[in-house]
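Chain by chain, the residues run as shown.
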Amino acid sequence: MNNNIEEQYQLAKKEYESIGVNVEEALKKLKEIKISIHCWQGDDVKGFLFDQDLSGGISVTGNHPGRATNGEELRRDLEMALQQIPGEHKINLHAIYAETEKDIDLNEIAPEHFKKWVDWAKENNLGLDFNPTCFSHEKSEDGFTLSHKDETIRNFWIDHCKQSRKIGEYFGKELGQPSVTNIWVPDGYKDTPVDRLTPRQRLKDSLDEIFSVEIDEAYNIDTLESKLFGIGSESYVVGSHEFYMGYGLSRNKRILLDAGHYHPTEVISNKLSALSLFTSGLSLHVSRPVRWDSDHVVTLDDELNEIAKELVYNNLLENTTIGLDFFDASINRIAAWIIGTRNMQKALLKALLDPVQQLKDVEENDNYTKRLALQEELKMYPFGAVWNYFCMENDVKPGMEWLKEIEKYEESVLKERG
Ligand code: RNT
Ligand code: ZN
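As a starting point, this report considers the structure included with it. Fair warning: this is a prediction, and the values are worked out from it, not measured in the lab.

This brings us to the pairing of strand E1 (residues 35–38). Neither face of E1 is exposed, since Ile-35 and Ile-37 on one face and Ser-36 and His-38 on the opposite face are all buried. Bridging between E1 and strand E10 (residues 320–324) involves 2 bridges; their strand directions are parallel. Following the sheet pairing, Ser-36 is matched in E10 by Gly-323. As judged from the 3 bridges shared by E1 and strand E2 (residues 90–94), these two strands associate in the parallel manner. Residue pairing across strands places Ile-37 opposite Ile-91, the latter belonging to E2.

With that out of the way, let us pick up the coordination of the zinc ion (ligand 2). In an ideal tetrahedron of four donors about a metal, each angle is 109.5 degrees. In an ideal octahedron of six donors, the angles are 90 or 180 degrees. The protein atoms donating to the zinc ion (ligand 2) are Glu-225 (OE), Asp-258 (OD), His-285 (ND1) and Asp-325 (OD), with metal-donor distances spanning 2.1 to 2.2 Å. Note that the zinc ion (ligand 2) binds 6 donor atoms; their angles at the metal cover 72 to 168°, and the shape is octahedral. Counting gaps between the donor residues of the zinc ion (ligand 2) yields the pattern E-x32-D-x26-H-x39-D. A residue pair is termed long-range when its members are at least 10 positions apart, and Glu-225 in strand E6 (residues 220–225) and Asp-325 in the loop between E10 and helix H10 (333–352) qualify at 100 residues. By the burial criterion, Glu-225 is buried, and Asp-325 matches it.

Inspection of the region around ligand 1 gives Trp-40, Ile-58, His-94, Trp-184, Glu-225, Lys-227, Asp-258, His-261, His-285, Asp-293, Asp-325 and Phe-327 as its neighbouring residues. Separating an oxygen atom of ligand 1 from a side-chain N or O atom of Glu-225 is a distance of 2.7 Å. In this structure, His-261 approaches ligand 1 through a side-chain N or O atom, which is 2.9 Å from an oxygen atom. Alone, ligand 1 offers 310 Å² of accessible surface; in the complex the protein occludes 99% of this. Of the residues assigned to the shell around ligand 1, the class counts are 4 nonpolar, 3 polar and 5 charged.

Rules used in this analysis
- Per chain, the residues get numbers from 1 upward, laid out in the order the sequence is written.
- Ligands are numbered from 1 and chains lettered from A, in the order in which they are written.
- Totals for whole chains, interfaces and linings use every residue, but because this is a predicted model, local features are given only for residues with pLDDT of at least 70 and side-chain atom pairs only at 80 or more, for both listing and counting.
- Hydrogens are left out, water is left out, and the side-chain values use all remaining heavy atoms of the structure.
- For each residue, the accessible area found with a 1.4 Å probe, counting protein chains only, is set against the maximum for its type, and the residue is called buried under 20%, exposed over 50%, and partly exposed in between.
- We count a stretch as a helix when DSSP gives it H or I for four or more residues in a row; a strand needs E for two or more, and each element gets its number in order from the N terminus.
- Only strands that DSSP links by at least two bridges are regarded as paired with each other.
- Counted as donors are N, O and S atoms no farther than 2.8 Å from the metal, or 3.2 Å for Na, K and Ca; water is not among the atoms, and sites may therefore look incomplete.
- Square planar and octahedral sites, with four and six donors, are those where opposite donors lie more than 155 degrees apart and all other angles lie between 65 and 115, tetrahedral sites have four donors with every angle between 85 and 135 degrees, and the rest are irregular.
- For this purpose, a residue is taken to be near a molecule or strand whenever a single non-hydrogen atom of the residue falls within 4 Å of it.
- Here a polar contact is taken to be a pair of N or O atoms separated by no more than 3.5 Å, where protein atoms must pair a possible hydrogen donor with a possible acceptor and residues adjacent in sequence count only if both atoms sit in side chains.
- Surface exposure here means Shrake-Rupley accessible area, sampled with a 1.4 Å probe, where a residue is shielded only by the protein chains that are shown.
- The nonpolar class holds Ala, Val, Leu, Ile, Met, Phe, Trp, Tyr, Cys and Pro. Asp, Glu, Lys and Arg form the charged class, and all remaining residues, Gly among them, are polar.

Keep in mind that these numbers describe shape and distance, not what the molecule does.
See the structure below:
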């Protein structure tokens, strides 16, 4: 098998070299790209703090056996996934994944409640990212948090977000790489509102209050995630794209684009170049919307390839953080992580193997016929052979072989869980 992979790789390498592509360089770059793997695919976004149903207009469907129910299980499952994902990455946590001795509320979460995660991250060479959890809680039951008309409730969520940034800072300091703390709030109305302005005014003021605490970006980077609609907020979402674009640009905070948070035919790939001209960096939630913001597992589809191409062709990788965001309980959750993360990496590899300068020259010369022919031809190039080699070099099972490991784990561990 290994000999075969090596042989195929050498052939593929020659083919890429014949069009001026440096394959070794591409592999070196790929190895440096960290993907932020979201922990919440492992337990259907339940967390460990409360026994609340998932709310906030998002939804998980399916009942595949083996949902992780505590930190030990979730970390063990993540380790299984990481064994099949080449390279060094980050794990993205939500506040509800705190591990506490006594019951606490979200406004009380503090760095100490994430010590187990940090110790584990150190042992496994991982970075950590963070998110306040502004949903699945009694104080968000009516669909509003940071833009709530009740000041007491608003302040509760403000305090929660302030604490969350401290946790991000703690991650950054402990792990020697900045943590991304992403604020997403579900606030919105099911039906047509009269006053669209006032809730946005309140959200703006709440954010200003949260960010009045200065935190060094060497430790924590703040990002803001917009949305178009959710279940129960179909008509109006306070934190829309324009809202956060304005907020982020005027206050030097990062805008986070989730692939599922726009109109069904609107894509985030086409937004990256535009925003890059006006921001110091961008953040992504790579997801896959199917007819709505369904958070399906990321596949190697056209939009994923387009996102990767935009990042690679325009040299945006260095200033972009790539996070994943999907939750599917109808299939093996560990396999979901592996498939989604590897697909993100495959798309990046495919883009890194493109003869970018040649493509740009053809376009510059107005030769649109050749541009189309070349773009289409490149789809047939043997990037799969390069991918398998990359896996082998990074001690990860190539092709479909990884699935056997996960199937074994499902039989021996996941099916035994209550
Ligand atoms: C919701 C947002 C948000 C969540 C996670 C769990 O539509 O995409 O990022 O999916 O925070
Ligand atoms: Zn998201």
